[in-house]
Amino acid sequence: MTDPTMPVETVRKSAAAISRSTSCSMRYCAGVEAKLGFKVHPHMLRHACGYALANRGHDTRALQAYLGHKNIQHTVRYTELSSTRFKNFWRE
């Protein structure tokens, strides 16, 4: 297991690539353990990342660049569903 505080570049250099079947197995097991009731697809991880970053208050344009979206409308979907993002909007 890698150290979560380790820079991503270091993890990439030191970690061996995993096979497609291993990745699929890991996703399947995680979905079963989480009792999701549906098959987990790799693109769901991308969506989860977008929602998590939006919920943490990251700028929409920064998210657009990070996710590689050409059209801002594809990025806005991550912020539209986050009602808690503006919970303390006017509080200091």
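Since this is a predicted model, take the numbers as computed values, not measurements.

A. A look at the packing of aromatic side chains. As enumerated under the stated definition, the model contains 1 aromatic pair in all. Relative to Tyr78, the ring of Tyr51 has its centre 4.9 Å away and its plane inclined at 75 degrees; by these criteria the two rings are edge-to-face. Residue Tyr51 is found in helix 3 (residues 42–55), and its partner Tyr78 is found in helix 5 (residues 72–80); the two are separated by 27 residues along the sequence. By relative accessible area, which is 2% here, Tyr78 ends up buried. Sitting above the plane of the Tyr78 ring, Arg77 keeps its charged end 5.9 Å from the centroid.

B. Examining the packing of helix 4 (residues 60–67) against helix 5 more closely. For the pair helix 4 and helix 5, the least separation of the axes is 9 Å and the interaxial angle reads 115 degrees. Two packed elements cross with a definite hand, and for helix 4 against helix 5 that hand is right-handed. Contacts between helix 4 and helix 5 involve Thr60, Arg61, Leu63, Gln64 and Leu67 from the former and Ile72, Thr75, Val76, Tyr78 and Thr79 from the latter.

About the thresholds
- Residues numbered from 1 in each chain as written.
- Predicted model: local features only at pLDDT ≥ 70, side-chain atom pairs only at ≥ 80, totals over all residues.
- Heavy atoms only, no water.
- Phe/Tyr/Trp six-rings, centres within 6.5 Å; stacked < 30°, edge-to-face > 60°.
- Helix = DSSP H or I, 4+ residues; strand = E, 2+ residues; numbered from the N terminus.
- Buried < 20%, exposed > 50% of the residue type's maximum accessible area, 1.4 Å probe, protein only.
- Lys NZ or Arg CZ within 6 Å of the ring centre and 35° of its normal.
- Axes fitted to C-alpha atoms, helices over the stretch in contact; angles between N-to-C directions.
- Left-handed = near helix turned anticlockwise from the far one by under 90°.
- Contact = heavy atoms within 4.5 Å.

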